[in-house]
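Examining the three-dimensional arrangement
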Amino acid sequence: ISPLNSFEDTRSAQYAALIWLTRDDPRQLDPESRYLGQRYGLAVLWFSTTETGYEWHVPEEYVNKVGVPKNQDGGGGSRKLNEPSTWTNHDGWLSELGICGWEGVKCYPHDDFGLDHDGNMDGDVSRLEMRKNNMKGLLPMEVYTSLPYLSYLDFSDNGFAGTIAP
């Protein structure tokens, strides 16, 4: 899902997602769960594009492009963040809920076929609908590598930089 070298930087979104998933995730999925990779990929998206109590890292070359203020010491976009999230809508993210209960995440078959489900369910992520959500940073490749059933993505009107995979 992520290249091994992405975990060498302890300020990376991948590292923060791995630490959260293994240490702090209240759901603590079984390592064999088919939804673990999807939960990890969504956590990488969170840590790549929002501010949390973990380190948030945007490479120096993107700092001005995505509107990330420099650290007080003048450094790049990496900073300790105990400030509120910058996403407009983020209910359920990184909570005990299943990923289908996270704001903007739609799952197959529940949402695709209008089936009843509660937010405590996990499922295969088929849609990410996060238009005008005040997301900033780099769109991580894990959005594509960890969500094999993703068929619709709406991140319009946010502040992303970088390349979008085909």
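Residues numbered from 1 in each chain as written. Predicted model: local features only at pLDDT ≥ 70, side-chain atom pairs only at ≥ 80, totals over all residues. Heavy atoms only, no water.

Regarding the pairing of strand β3 (residues 105-108)
This is how it is decided: In this scheme, a residue with accessible area under 20% of its type's maximum is buried, one over 50% is exposed, and one in between is partly exposed, where area comes from a 1.4 Å probe on protein chains only. Only DSSP runs of H or I with at least four residues qualify as helices, and only runs of E with at least two residues qualify as strands; both kinds are numbered from the N terminus onward. Pairs of strands are assigned from DSSP output, requiring at least two bridges between the strands.
Burial of the side chains of β3 is restricted to one face: Val105 and Cys107 are buried, whereas none of Lys106 and Tyr108 on the reverse face is. In terms of strand pairing, β3 meets strand β4 (residues 124-129) through 4 bridges, oriented antiparallel. Across the sheet, the residue bridging to Lys106 is Arg127, located in β4.

Structural notes on the side chain of Asp154
The condition is simple: Charge counting follows a simple rule: Lys and Arg are positive, Asp and Glu are negative, and His as well as the terminal groups are ignored. A pairing counts as a salt bridge when a side-chain nitrogen of Lys or Arg comes within 4 Å of a carboxyl oxygen of Asp or Glu. Any pair of N or O atoms that falls within 3.5 Å is considered a polar contact. Within protein, one atom must be able to donate a hydrogen and the other to accept it, and sequence-neighbouring residues count only if both atoms are side-chain atoms.
The topology assignment puts Asp154 in strand β6 (residues 152-154). Of the side chains with opposite charge, Arg131 comes closest to the buried, unpaired Asp154, at an N-O distance of 4.4 Å. Within the local environment of Asp154, its side chain forms a polar contact with the side chain of Ser156, the two groups lying 2.6 Å apart.

Some details on unusual backbone geometry
In this structure, Gln28 is a non-glycine residue whose phi angle is positive, near 45 degrees. Structurally, Gln28 is set in the loop between α1 (13-24) and α2 (36-49). Positive phi is not limited to glycine here, since Leu94 has a value of about 60 degrees. Turning to its location among the elements, Leu94 is positioned in the loop between β2 (79-80) and β3.

Examining the layout of surface pockets
The line we're drawing: In the cavity and pocket records, a cavity denotes points on a 1 Å grid over the protein atoms alone where a 1.4 Å probe fits but cannot get out, a pocket denotes an open set with protein on both sides within 12 Å along at least 5 of 7 lines, and lining residues are residues with an atom within 4 Å of a point. Grid points are joined across faces, edges and corners, and a volume is the space filled by probe spheres set on the points. Residue polarity is assigned by list, with Asp, Glu, Lys and Arg as charged and Ala, Val, Leu, Ile, Met, Phe, Trp, Tyr, Cys and Pro as nonpolar; anything else, Gly included, falls into the polar class.
What the second largest pocket holds in volume is close to 170 Å³. Lining the second largest pocket are Ile1, Phe7, Leu18, Leu21, Thr22, Gln28, Leu29, Asp30, Pro31, Leu36, Gly37 and Tyr40. Looking at the lining of the second largest pocket, the elements that each hand over two or more residues are α1 and α2. Class assignment for the residues of the lining of the second largest pocket results in 8 nonpolar, 3 polar and 1 charged.

What about the sheet that holds β6?
Rule in force here: Comment: axis = line fitted to C-alpha atoms, over the contacting stretch for helices; angle = value between 0 and 180 degrees taken between N-to-C directions. Contacts between residues were defined by any pair of non-hydrogen atoms, one from each residue, lying within 4.5 Å.
Reading across from one edge, β3-β4-β6 is the order of the 3 strands in this open sheet, with mixed pairing throughout. On the outer flanks of this sheet lie β3 and β6, each paired with one strand and no other. Across the sheet, the axes of successive neighbouring strands diverge by a mean angle of 30 degrees, strand direction being ignored. Along the sheet face, α2 touches β3 and β4 and points at about 20 degrees away from the line of β4.

Topic: the nonpolar core
Put simply, the rule is: Side-chain atoms within 4.5 Å link the members of a nonpolar core, which is a set of buried Ala, Val, Leu, Ile, Met, Phe, Trp, Tyr and Cys residues.
Ranked by size, the top nonpolar core spans 28 residues in total, and within it Leu42, Leu45, Phe47, Trp93, Val105, Leu128 and Met130 carry the most contacts. Sorting the residues of this core by element identifies α1, α2, β3 and β4 as the ones contributing at least two each. The biggest single contributor to this core is α2, with 7 residues. When near neighbours in sequence (up to four residues on either side) are disregarded, Met130 contacts Leu45, Trp87, Trp93, Glu103, Gly104, Val105, Met135, Asp154, Phe155, Ser156 and Asn158.

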